[in-house]
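Structure at a glance
Chain by chain, the residues run as shown.
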There are 2 protein chains.
Amino acid sequence: MTAEIITIGDEILIGQIVDTNSAWIAQQLNRIGIALVQITSIADQGDAIRQALSSATSRADIILCTGGLGPTKDDVTKQTLATYFNTTLVRDVDVLAHVESIFKKFNRPMLEVNNRQADVLANARVLHNETGTAPGMWIEENEKIYIIMPGVPTEMKYLMQNEVLPKLQGLPNQYAISHRSILTAGIGESFLAEKLHSFEEDLPPHIHLAYLPKFGQVRLRLTGSSLIEQALEKEMEAYSSTLMELVKPYFVGEGDVLLEQQLLTRLKNHQLSLSTAESCTGGYLSHLITSLPGSSAVFKGGVVSYSNELKEQVLGVRASTLAAYGAVSEQVALEMALGAQKNFKTDYSMAITGIAGPDGGTDDKPVGTVWIAVAGKEGAKAKLFNFGKIRLPNIERSAANALVMLFYLLKEELVD
Amino acid sequence: MTAEIITIGDEILIGQIVDTNSAWIAQQLNRIGIALVQITSIADQGDAIRQALSSATSRADIILCTGGLGPTKDDVTKQTLATYFNTTLVRDVDVLAHVESIFKKFNRPMLEVNNRQADVLANARVLHNETGTAPGMWIEENEKIYIIMPGVPTEMKYLMQNEVLPKLQGLPNQYAISHRSILTAGIGESFLAEKLHSFEEDLPPHIHLAYLPKFGQVRLRLTGSSLIEQALEKEMEAYSSTLMELVKPYFVGEGDVLLEQQLLTRLKNHQLSLSTAESCTGGYLSHLITSLPGSSAVFKGGVVSYSNELKEQVLGVRASTLAAYGAVSEQVALEMALGAQKNFKTDYSMAITGIAGPDGGTDDKPVGTVWIAVAGKEGAKAKLFNFGKIRLPNIERSAANALVMLFYLLKEELVD
């Protein structure tokens with residue numbers, strides 16, 4: 001079965017809010033084997049709503065609408081729906097009692113607009129919304145299902161979990177959908193694609209492979225669909241194992257794992273500690289690490305040594321090295337990594353020094369020149385990168401590649 | 001003029017990523033007076049792309065497509081576009097040279113799929129993508145404009161800012177829309193709304209005021225529309241001046257200014273320097289500062305002192321203070337700020353120590369307890385916050401409020 005989402009409301013179209021509802025609904029539908037074919041965001045306008053409904057009806061079996069049901073703007077949406085389905089609005093006594101009870105709880109007088117929250121389509125089954133005043137509605141018409149929900153995330157989620165998903169799961173469904181994700185690091189998308197060419201060619205038509213690249217990491221996603229769920233799961237398991245075997249040297253983990261999480265887990269399992277020394281990334285690398293719960297068990301801390309004084313004082317980088325090679329150099333990167341490891345008393349460390357831009361570049365060392373070093377059991381090693389001219393991507397790529405370098409170092413030095 | 005966005009790619013439809021691109025594009029279009037009428041998300045499939053294009057063409061003047069241009073999956077998108085526009089793909093020599101230069105920089109051999117990144121529609125004007133290998137394309141056909149961009153946010157944003165928006169701003173537009181933004185800090189949204197009640201009441205119907213709150217800062221946005229651009233600009237200027245006067249004690253700056261940018265500019269004008277000492281924010285505060293070009297003129301560096309050892313060693317926090325009051329305390333926050341100021345030889349400093357969660361809370365100091373201190377000319381002062389139970393918002397709110405505290409300290413200590 002297929003579904004579409006229609007989100008109604010100006011907030012999304014003027015960019016005031018990001019539509020997080022749709023991704024959440026997509027995940028839920030996907031899990032129960034319903035494939036989403038389109039998401040459409042439109043304004044609170046009769047014409048737009050009518051056009052989106054009829055267009056979605058031509059493609060999907062299930063149409064989920066969110067938004068446009070708040071007390072100040074539900075008129076357009078509900079009236080348009082009534083016309084579209086050739087029906088009327090009726091005041092629902094149970095919904096009215098629920099709305100009244102909410103107003104009583106907050107000791108607030110009810111206005112006529114609040115009463116109108118209890119008006120529902122005469123052809124709809126009401127979906128009780130415990131979390132708010134706007135009820136959901138379930139409409140079946142010409143073998144299609146229409147689900148109308150408010151756009152407030154907590155209310156939409158309540159209705160999905162308590163009313164919509166249980167009903168959808170009860171429908172006879174032809175198709176099961178299954179996903180497997182594998183994260184790789186240190187190999188580019190096109191090289192990976194070449195490596196996996198024959199694996200991809202040999203996939204049956206109901207399973208396909210997608211590449212999702214990001215800064216030195218590529219997430220591989222296998223998606224399969226089939227009439228027989230059990231057989232599909234077995235197949236997916238087998239293809240996923242083969243895939244893991246094929247990308248073994250670059251394998252980070254399965255599922256939605258992050259590279260930084262895998263590194264922390266690995267270090268923690270070996271009771272090892274980590275520190276950072278950052279120049280051009282300005283704290284972004286330590287932010288990535290410390291965003292993860294439990295990182296303090298491994299990460300002792302780091303320094304953002306923007307100035308040369310701090311590089312000398314906190315990390316023990318020699319003034320002579322800075323003078324001879326400059327702050328952005330292999331030698332300084334190595335001394336920063338070794339200095340962090342020694343001074344912060346950690347087993348491993350990562351260091352980054354570079355020119356993030358837009359200024360500060362020279363002919364020899366243009367903007368984007370970045371030296372990254374990692375230190376471990378057997379000293380430190382450094383690598384030169386050039387990430388181009390733009391500051392923020394430079395910062396993000398530098399931090400991501402420091403993680404990739406640590407990934408390889410742990411691979412060499414630790415035995416699982 | 002009206003626009004629509006079409007996002008191409010399975011990632012959004014299976015809920016693997018949230019579509020943040022569209023909200024960003026919507027904001028940019030809105031600012032230059034282009035109204036977005038629909039956002040459509042579809043899969044990497046020829047039929048879906050064709051249908052979405054023809055449907056969008058029937059409603060809008062400008063159609064922006066993002067996604068579906070990576071080296072492993074651009075075939076479908078570009079071939080479909082070529083068929084749709086009844087044209088062919090040609091290899092662009094400039095794009096090819098750019099792609100080659102990227103591969104050369106990383107010392108990697110190029111594969112045929114990489115060469116194909118340089119294939120563009122024969123009827124398109126190429127939009128140079130400095131940040132990646134997939135070029136953007138600008139197509140004019142039957143008085144409609146089609147803009148094709150990669151879906152990677154940094155690449156899309158680069159193309160929008162450097163190529164697309166300047167071109168769109170050059171187009172003749174009938175309706176003038178004008179915006180004025182004012183950033184305030186240190187006053188809550190509802191207090192601000194109360195203060196501005198009669199200002200808001202007195203606004204003419206074609207000008208309205210929006211409140212965009214974020215972590216101790218509220219951005220006020222005046223939006224006006226009119227047929228007569230010059231008159232509108234004059235009016236907007238007048239209302240914006242009145243507004244600035246009304247919020248004077250909380251005024252940070254005009255336009256899209258960031259609080260951290262205003263602080264850096266202020267410090268730079270007075271030739272003063274800044275450092276940070278972070279515990280629970282783990283480098284996020286210094287990341288905010290160093291994301292800004294030119295920050296190195298003011299920011300000397302900082303330490304992420306996750307462990308107590310680092311607090312003592314790098315910041316000179318006394319072991320007795322840590323033992324007596326605990327790492328999350330007013331006393332430790334003050335010693336961290338003073339330690340950073342002294343050891344890193346800066347005029348000002350900010351320090352944060354707290355419990356980001358999800359673990360580590362106690363009855364006395366529950367998760368979300370954060371002490372923030374700022375140090376300046378006359379010693380340091382600290383303030384206690386509680387930002388709730390969730391790790392990432394905790395980190396973001398802590399960093400934002402440190403900036404607000406520094407904002408007030410500079411207001412007290414510096415005379416402009």
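Residues numbered from 1 in each chain as written. Chains lettered and ligands numbered in written order. Predicted model: local features only at pLDDT ≥ 70, side-chain atom pairs only at ≥ 80, totals over all residues. Heavy atoms only, no water.

Chain A is annotated in an unreviewed UniProt entry as CinA-like protein of Olivibacter jilunii.

The next thing to look at is the pairing of strand E14 (residues 299-304) of chain A. The buried fraction of E14(A) amounts to 5 of the 6 residues, a majority that puts the element mostly inside the structure. For strand E13 (residues 274-278) of chain A and E14(A), the ladder comprises 5 bridges, and the chain directions are parallel. By the bridge assignment for E14(A), Glu278(A) is matched with Val304(A). Chirality of the crossover, the property in question, places the unit of E13(A), helix H12 (residues 284-290) of chain A and E14(A) among those that are right-handed. Note that E14(A) and strand E14 (residues 299-304) of chain B share 3 bridges and pair antiparallel. For Val303(A), the partnering residue across the bridge sits in E14(B) and is Val303(B). (Buried < 20%, exposed > 50% of the residue type's maximum accessible area, 1.4 Å probe, protein only. Helix = DSSP H or I, 4+ residues; strand = E, 2+ residues; numbered from the N terminus. Pairing = 2+ DSSP bridges. Right-handed = clockwise from strand over helix to strand, strands pointing away.)

Okay, the domain arrangement of chain A next. Residue and element names in this part refer to chain A. Split by domain assignment, chain A resolves into domain 1 (2-169), domain 2 (176-254) and domain 3 (259-413). Its C-alpha centre places domain 2 at a distance of 31 Å from the equivalent point of domain 3. At the interface, 11 residues of domain 2 touch 10 residues of domain 3. For the pair domain 2 and domain 3, the two sides together bury roughly 850 Å², of which 62% comes from carbon and sulfur. When the buried surface of domain 2 facing domain 3 is broken down by residue, Phe-215, Gln-217 and Val-252 rank first, second and third, together holding 59% of it. On inspection of domain 2 and its partner domain 3, the count reaches 0 salt bridges. For the pair domain 2 and domain 3, the interface holds 2 residue pairs in polar contact (both at pLDDT 80 or more). Listed by contribution, the elements that provide at least two residues to the side of domain 2 that touches domain 3 are strand E9 (176-185) and strand E12 (251-254). A breakdown of the residues in the side of domain 2 that touches domain 3 according to their chemical character gives 7 nonpolar, 3 polar and 1 charged. (Domains from an automatic or database assignment. Contact = heavy atoms within 4.5 Å. Buried area = accessible area lost by both parts, 1.4 Å probe. Salt bridge = Lys/Arg side-chain N within 4 Å of Asp/Glu carboxyl O. Polar contact = N/O pair within 3.5 Å; in protein donor to acceptor, adjacent residues only side chain to side chain. Nonpolar A, V, L, I, M, F, W, Y, C, P; charged D, E, K, R; others polar.)

On to the layout of surface pockets, then. Residues and elements named next belong to chain A. As a volume, the second largest pocket reaches approximately 1300 Å³. The element contributing the most residues to the lining of the second largest pocket is strand E10 (residues 207-214), with 5 residues. In the lining of the second largest pocket, the residues fall into 21 nonpolar, 14 polar and 13 charged. (1 Å grid on protein atoms, 1.4 Å probe; cavity = no way out; pocket = protein on both sides within 12 Å on 5 of 7 lines; lining within 4 Å. Points joined across faces, edges and corners; volume = space filled by probe spheres on them.)

Right, let's talk about empty space enclosed by the protein for a bit. The full count for this structure, using the stated rule, is 2 cavities of 30 Å³ or more. Taken as a whole, the largest cavity holds about 130 Å³ of empty space. Lining the largest cavity are 16 residues; nearest its centre among them are Asp19(A), Ser41(A), Asp19(B), Ile39(B) and Ser41(B). For the lining of the largest cavity, the class distribution of residues is 10 nonpolar, 4 polar and 2 charged. Approximately 30 Å³ is the volume attributed to the second largest cavity. Residue lining of the second largest cavity: Glu260(A), Leu263(A), Leu264(A), Leu267(A), Leu274(A), Ile289(A), Met350(A), Leu403(A) and Leu406(A), and that is the complete set. Looking at the lining of the second largest cavity, the elements that each hand over two or more residues are helix H11 (259-269) and helix H16 (391-413) of chain A.

The subject of this paragraph is the sheet that holds strand E1 (residues 2-8) of chain B. What links the strands of a sheet is backbone hydrogen bonding, and the strands pair in either a parallel or an antiparallel sense. Sheet architecture is open: 12 strands sit in the order E6(A)-E7(A)-E8(A)-E3(A)-E1(A)-E2(A)-E2(B)-E1(B)-E3(B)-E8(B)-E7(B)-E6(B), paired in mixed fashion. In the strand order of this sheet, the two ends are held by strand E6 (125-127) of chain A together with strand E6 (125-127) of chain B, each with one partner. Within the sheet, the average angular offset between the axes of one strand and its neighbour, ignoring direction, is 15°. Looking at chain direction, strand E7 (residues 136-141) of chain A and strand E8 (residues 144-149) of chain A are connected through 5 bridges and run antiparallel. The residue bridging Glu141(A) from the neighbouring strand is Lys144(A), located in E8(A). Of the strands in this sheet, strand E1 (2-8), strand E2 (35-42), strand E3 (62-66) and E8 of chain A are in contact with helix H3 (residues 46-57) of chain A, which crosses E1(A) at around 170°. This element, helix H7 (residues 153-169) of chain B, spans strand E3 (62-66), E6, strand E7 (136-141) and strand E8 (144-149) of chain B of the sheet and lies at about 160° to E8(B). (Axes fitted to C-alpha atoms, helices over the stretch in contact; angles between N-to-C directions.)

Listed per partner, the contact involves 73 residues of chain B and 76 residues of chain A. Summed over both partners, the interface of chain B with chain A buries about 5700 Å², with 58% contributed by carbon and sulfur atoms. For the chain B face of the interface with chain A, the top three residues by lost area are Leu13(B), Ile14(B) and Tyr306(B), together amounting to 10%. The interface formed by chain B and chain A contains 0 salt bridges. Linking chain B to chain A there are 31 residue pairs in polar contact (both at pLDDT 80 or more). Per-element tally for the side of chain B that touches chain A: the top contributor is strand E2 (residues 35-42) of chain B, with 7 residues.

Considering all chains together, one arrives at 12 aromatic pairs over all chains under this definition. Relative to Tyr146(A), the ring of Phe85(A) has its centre 4.8 Å away and its plane inclined at 75°; by these criteria the two rings are edge-to-face. You can see Phe85(A) sitting in the loop between helix H4 (74-84) and strand E4 (89-91) and its partner Tyr146(A) sitting in strand E8, a full 61 residues away along the chain. When the centroid spacing of 5.6 Å and the interplanar angle of 65° are considered together, the rings of Tyr306(A) and Phe299(B) count as edge-to-face. Remark: Phe299(B) occurs in strand E14 and Tyr306(A) occurs in the loop between E14 and helix H13 (308-315); the pair is interchain, linking two chains. Accessibility assignment for this pair places Tyr306(A) and Phe299(B) in one class, buried. (Phe/Tyr/Trp six-rings, centres within 6.5 Å; stacked < 30°, edge-to-face > 60°.)

On to the pairing of E13(A). Here is the key point about a regular strand: its side chains alternate between the two faces of the sheet. Residues and elements named next belong to chain A. Counting buried positions over the 5 residues of E13 gives 5, a clear majority of the element. Here E13 shows a buried face lined by Leu-274, Thr-276 and Glu-278 and a second buried face lined by Ser-275 and Ala-277. Of the pairings in the sheet, the one linking E13 to strand E15 (residues 348-354) comprises 5 bridges and is parallel in character. Paired with Thr-276 across the strands is Met-350, a residue of E15.

Moving on, we come to a nonpolar patch on the surface. Residue and element names in this part refer to chain A. Together, Tyr-175, Leu-227 and Ile-228 make up a nonpolar patch on the protein surface, roughly 330 Å² of accessible area in all. Tracing the backbone through its elements, the reader meets Leu-227 in the loop between strand E11 (217-226) and helix H10 (229-246). By relative accessible area, Leu-227 is classed as exposed at 59%. (Patch = residues over 30% accessible without salt bridge, like charges linked within 9 Å, V, L, I, M, F, W, Y side chains within 5 Å. Areas by Shrake-Rupley, 256 points an atom, 1.4 Å probe, with all protein chains shown as cover.)

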